[in-house]
Every structure is written in structure tokens, then in C-alpha cells.
Amino acid sequence: MEDVITIDNFTTKMSPFDPSDATNALYGLVDMGSNGIRFSISNLSPPRSRLLQCVYRERAGISLYDALHESTPDSNPFHFSKKTIEKVAETLARFKTICNGYGVHEQNISVFATEAMRTAKNKDEMLGAIKTASGLVVDILSPGMESMFGAMGARSGFEHVDGLFMDLGGGSVQMTYVNSSAEVTYDILAAEAAKSMPFGAAKLTEVLASKDDSHEAKKELRATMKETFEGLVDRFPKLKEQAQHDHGITIYFCGGGFRGYGSMLMHTDPIQPYPIPAIGGYSVPGDRFIKWREMLHANNYEEGKIFGMSKRRRQQFPAIVTVVQALVEAVPKVKQVVFCSGGNREGVLYMKLPPHVRESNPLDLLPGGYTFGKSIIEDVTGILTSCLTPGYPNVFGREILNYVSKQIWLDMGDPDDANSAKALQNPISGPLAGLPGMTHKIRAILALILCSRWGSDLSPGDKRLAENLQALIGHELSWWCQYIGSVARCFATVVPAPPSSEKALNNIVLFHPSTSHGLGKKGHKVGIRLKIDIAASARNGLAIGSLEDLFSKVGKGLKIDWKVVAEVAE
């Protein structure tokens, strides 16, 4: 009865999204994983299809793996009980009703299952009950497709990726290599090379509980992990080059098991309280990731609630650490690890998009701010860029400055303290919080730039948040954030109304920065001397001294002895 999705048939089994049909952009997805069943409804409406905007999500705490390994008197190994089948069928029927309420077309509802369903001996009975209760057909993913959708879901959160992709679920752990800058068919190459290893967090937890099986399972896990990694190295020359380089390999993680390890790393992060709650985009250097003993110690001896860790995840944490330990032994040097919020559901959605949409930069599509024409945004961004001196950090690229440009004149009627707080929170817990395209570093940069645009007029609580964001990105990048934000503040003071055309900005204000020595009261500091030319038409009533003072706080509170001296030309 089951319909198995494989690398060979997924393009015909799973219909692509048609951007021209705006009435058919809602998609309902069910991921029947080994540790739980996750539902979501997403809106792929253009022009922000690439963001995979989720409008509804829910999780049912039904462990299909546990259901196959019940120890009740009437249980049968690798069989779902009638009670489990009824519960799952009722749960899927509920989600179908929710999809109907949101107006999701029936052909846009997909249900897919992974390791637990692949191994169930009475899967047909389960699939039949689901069909009867909800009318929904379950697609079973082959191991290769599970790896590809997991990897593409994780990949969907970033513009470019290059590294190992790993997914740790309840029943299995997948590994493959993805380089989005390689061949056009990099997704297929990743799927063909992917390996599924039967060492999921739930399955391994059960095995480790048995003294007789524990040692042999760990030995087999280490050997399989090493063999899988070496097979990928032999297959992908770029990965081999990274493995032999002193810097090492970047690893992208998805799946509940690895996200649990990421939550523990965040809980023990040197920056406390850690300023960004979402695990997606959180990264740590390899030399910290490999300290699995410290993570295990924290799990074993900290009795209070750990953010991002359920009771079940903490019970499985020794098994998660066992997988991490095997990975550390297999990979010669880890450069950094990046935790991803996307998984199978996001991967399915991502693969429905046309190739040119998939490979677009999500940062270009972030919502909010004024809706300017392209030429106006380019002009404003050009003015911001003109303030940067040679050698500025390349993270402040076009996409970030374009977003800042659209925010400069937003909420001009609100007080500076309210706008400072909103700007600080927006990328972290506001409208941008759940969107892809941003590492924690990028979120911190956007928050600090736009907070500085409003003068960083913060309450004590938000001030602590800003300080921790500065600690996250370092003092140098924080200095540039303050500088760019101050430029935006100065710009909006001279041009207080949102520009309606390119002519509205024509030589109204020009910035001329230069790296300079001898700055500060004693002439001992280095930094930027910023000369500002303001058109006569914009000078009426403008307090020149106050305008120059907008830059006096750049660098305040940072352990970096750089200064900005602004001078408005006569």
C-alpha cells in the first residue's frame, strides 16, 4: 500500500510549486518522524516564496519508535498496536481539518514517514487507518530522500552552504555533503551520496540501556561513522581538501537530536544569558563543539529546566553525546558547526520551488520597512556604503545595507526609546525571528545597526541584551554597527521624509570618510574623520553641532579605541 519516494521518482511524485498561481500557495505538511509527528502549513506566495513562511505549526508527542518497541503483555515487536494506530489516525484527521480551515487545497497536503514506518511490519494497517480517517495518503521516504530533504531543509536557511550535513532523528542519523556553489544538481549529488545509519537517539538510548549490547553498539557506531565520512571524502574532492586543511570542516546539523546538543551548547555558552533564543543559525567553533564531556556533565547534574530541552530529550542526551563522540573521532578537524531550524518539511517545500528561486538570497526578501522602488533603495544603500572606509568588514554587504535602507524612515512618529527597543528585538523575537537567511551573527548585526539608528536609547533590560549581542559578534563588528547606525540617524535628520524619487536624494547630503590618526581630545586615537556636505536647501533650521554630536557615542562601551569625528562642511 505504501508509496515510497526515491531519488528516481520524487520529481514526479511530488508536484512543483507554480508561482503564477497565487490562489494555490498554501501547503500542508506532516512529518511522521520516529520521535514525534510534526505538522505545518506554509505560504509560498511570491515574491517571498523563498522564505517558506510558516503560518501554522503543531507537534504531536507520539513516538512511532517507542510504539514499535512497547513492552506491554500484548505487544508485538515492530508492530503498531491498535491503540497507536487509532491515535495516529485521529491526529492526522485533526490536521486535515485544520488544513481545510486554512483553505489548503487537498492536492497540496503531503504526509511523509521515515525510519519507524519503514521498519514497521504492519505499516499497511497504519496507512489504511490514516486514509480512512483523513483521506490522506502517506508517502514513505527512502533513506536517500530522507537525507536529501533533511539536508535541503537545513540548507534553505542560508544563501550558500559548503560542508557536511547531518540529521539525527529518533531512529537513524544521516550524513551527506552539500556544496551549493558546485554543480547545478548539487541536491541530487547530495542525495545519491547520503548514508543513513541506524543509530537514532531513541534507538540508541534503548541499546545503551543494555550492558550486553552497549559496548558492541558503540563500536559499530564508531566504525560506521568513520566509514561513512571517509566514503564522502573519497567522493567529493572539495570535502577531501577541507579534511586535509588545518581549518577543518563545517558541519550543518538538523534533527531534534542534534538541536538538543545545540541547546546544551547554548545553555553553557560563555555569553550568558545567551541573547538569541532560536537554535537556527546558532554556530560554535569546532574546539568548543567537541567538548562533549562538559555537555554530558551539564545534562547529568543540572536539575533545573534547560531551555530547548524537553524531559525526553534530556533522557536521550547520553545517546546524542555518543553520536557526537563518534563523529568527533571520525572527522579529523571540525572548523565550526551550524545548527539549522529547517528539516524534512522545509526540505520538501524548498525542493518544490523553481531553481532560480531556491538559489536566491533570502536576505533580499526580508519583510518590513518602506516599500521603495529598486532605484531608491540602491541610492540609499549607495549613500550608506559611501561612509565605509577601505578594508571595512565584508559582512556589511549589499543585502544587509539594503535592509537597513528600508528601515531608516520607519516609525518616525514614535519615540526614540520605543524605536530603539523595537529595532533591537525585531531580528531576535520580532517579525524576523522565524525567518531563514540569518545566522545569529547576522541577526545581531541587524539589531545593533538599527538600534544605533535610533540612538540606542535602551532600558536596563534591553541594554543587557545589546551588550550580549555585542559580545556575540565582537567589539570590532559592534563598532561598525554603531557607526553605520549613526550614519543612518544623521541621514534621516538631514532628510526627514522618506524619499519619493531618486531626485529627492540628489546631492542633499554627501559623506566623505577617511581613515585618520590624531583623533580625540588628546589626539591619541585613530578612526574615521567624516566630512559631511549638506545642500543649502536642507540646512534651514538644522542644528549642525547636534548633527556632529550624533557620532560622539560610537565606540562607547566597547574595548576598542577607535573614534569618529564628524565635521559638517561650511
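It should be noted that the structure appears before, not after, this text.
This report concerns the structure included in the present document. (Residues numbered from 1 in each chain as written. Predicted model: local features only at pLDDT ≥ 70, side-chain atom pairs only at ≥ 80, totals over all residues. Heavy atoms only, no water.)

**Concerning the overall build of the protein**
In terms of regular secondary structure, the protein is built from 23 helices and 15 strands. Computed over the C-alpha atoms, the radius of gyration of the protein is 26 Å, within 12% of the 25 Å expected from 2.2 N^0.38 for a compact globule of 570 residues. In the protein, once contacts between residues fewer than 6 apart in sequence are set aside, the share between residues at least 24 apart is 74%. For the protein, the accessible area works out to roughly 25000 Å², and carbon and sulfur atoms hold 51% of it. Across the protein, the centroid of the 61 positively charged side chains sits 4 Å from that of the 61 negatively charged ones. (Helix = DSSP H or I, 4+ residues; strand = E, 2+ residues; numbered from the N terminus. Rg over C-alpha atoms; globule rule 2.2 N^0.38 Å. Contact = heavy atoms within 4.5 Å. Areas by Shrake-Rupley, 256 points an atom, 1.4 Å probe, with all protein chains shown as cover. Lys, Arg positive; Asp, Glu negative; His and termini not counted. Charge placed at Lys NZ, Arg CZ, Asp CG, Glu CD.)

**What to know about the packing of aromatic side chains**
For the structure shown, the criterion picks out 22 aromatic pairs. Aromatic pair Y56 and Y102: ring centres 5.7 Å apart, planes at 50°, arrangement tilted. Here the residue Y56 occupies a position in strand β4 (residues 53-60), and Y102 occupies one in helix α3 (residues 82-102), the gap between them amounting to 46 residues. Each member of the aromatic cluster is reached from another via a ring pair, and the members are F253, F258, Y261, Y274, Y282, F289, F317 and F339. Looking at R453, its charged tip hangs above the ring of W454, at a distance of 3.5 Å from the centre. (Phe/Tyr/Trp six-rings, centres within 6.5 Å; stacked < 30°, edge-to-face > 60°. Lys NZ or Arg CZ within 6 Å of the ring centre and 35° of its normal.)

**A few points about the environment of E90**
Turning to its location among the elements, E90 is positioned in helix α3. Residue classification places E90 among the exposed residues on the basis of a relative accessible area of 56%. As for E90 and I428, which are separated by 338 residues in sequence, their C-alpha atoms are 36 Å apart. (Buried < 20%, exposed > 50% of the residue type's maximum accessible area, 1.4 Å probe, protein only.)

**Brief notes about the pattern of salt bridges**
Under the definition given, this model contains 19 salt bridges. When the shortest N-O distance is used, the salt bridge between E146 and R118 registers 2.8 Å. Of the two residues, E146 is situated in helix α6 (residues 143-155) and R118 in helix α4 (residues 115-119); the sequence distance between them amounts to 28 residues. Considered together, E146 and R118 belong to a single accessibility category, that of buried residues. For D411, the salt bridge identified is with K422, shortest N-O distance 3.1 Å. Placement of the pair is D411 in the loop between α18 (398-407) and α19 (416-429) and K422 in helix α19, with a sequence separation of 11 residues. (Salt bridge = Lys/Arg side-chain N within 4 Å of Asp/Glu carboxyl O.)

**Details of the sheet that holds strand β13 (residues 509-519)**
The 3 strands lie next to each other as β13-β14-β15, forming an open sheet whose pairing is mixed. Sheet topology places β13 and β15 (562-568) at the edges, where each strand pairs with a single neighbour. Across the sheet, the mean angle separating the axes of adjacent strands is 25° when strand polarity is ignored. Here 9 bridges tie β13 to strand β14 (residues 525-534), and the two strands are oriented antiparallel to one another. From the neighbouring strand, H512 faces β14, where its bridge partner is K531. (Pairing = 2+ DSSP bridges. Axes fitted to C-alpha atoms, helices over the stretch in contact; angles between N-to-C directions.)

**Quick word on unusual backbone geometry**
Following P46, the chain continues into P47 via a peptide bond in cis, with omega recorded as 5°. Examined against the element boundaries, P47 turns out to sit in the loop between β3 (37-43) and β4. The omega torsion across Q272 and P273 is -10°, close enough to zero to call that bond cis. Mapped onto the fold, P273 is located in the loop between α11 (256-267) and β11 (283-285). Residues other than glycine seldom take positive phi values, yet L52 does so here, at roughly 50°. Position of L52 among the secondary structure elements: in the loop between β3 and β4. Take L52: its relative accessible area is 9%, and that puts it in the buried class. Of note, D411 is a non-glycine position whose phi angle comes to about 55°, a positive value. On the accessibility criterion, D411 (34% relative accessible area) is partly exposed.

**Observations regarding the sheet that holds strand β6 (residues 138-141)**
The strand order β1-β6-β5-β2-β3-β4 describes an open sheet built from 6 strands, whose pairing is mixed. Taken across any chain shown, the strands that pair with only one partner, and hence form the sheet edges, are β1 (3-5) and β4. For this sheet, the mean inter-axis angle between neighbouring strands, taken without regard to orientation, is 25°. Of the pairings in the sheet, the one linking strand β2 (residues 26-32) to strand β5 (residues 109-113) comprises 5 bridges and is parallel in character. Along β5, the bridge assignment pairs V30 with V111. Sheet contacts for α3: β2, β3, β4 and β5; angle to β3, the most-contacted strand, approximately 10°.

**Things to note about a negative patch on the surface**
Taken together, D212, D213, E216 and E220 make up a surface patch of like negative charges. On the basis of relative accessible area, D212 is assigned to the exposed category, the value being 71%. (Patch = residues over 30% accessible without salt bridge, like charges linked within 9 Å, V, L, I, M, F, W, Y side chains within 5 Å.)

**Comments concerning the packing of α19 against helix α20 (residues 440-453)**
How two helices sit against one another is set out by the angle between their axes and by the gap between those axes. Between α19 and α20, whose axes approach to 8 Å, the crossing angle comes to 170°. On the basis of their axis angle, the class for α19 and α20 is roughly antiparallel. Contacts between α19 and α20 involve S420, A423, L424, P427 and I428 on the former and, on the latter, R443, L446, A447, L448, L450 and C451. Broken down by class, the residue content of the contact of α19 with α20 amounts to 9 nonpolar, 1 polar and 1 charged. (Parallel < 35°, antiparallel > 145°, perpendicular 65-115°, else oblique. Nonpolar A, V, L, I, M, F, W, Y, C, P; charged D, E, K, R; others polar.)

**A few points about helix α5 (residues 123-134)**
Across its 12 residues, α5 extends 16 Å between first and last C-alpha, which sits within 8% of the 16 Å expected from 1.5 Å per residue. Looking only at α5, the buried set comprises K123, M126, L127, G128, I130 and S134. After α5 finishes, the residue G135 shows a positive phi value of roughly 80°. (Expected span 1.5 Å × (residues − 1).)

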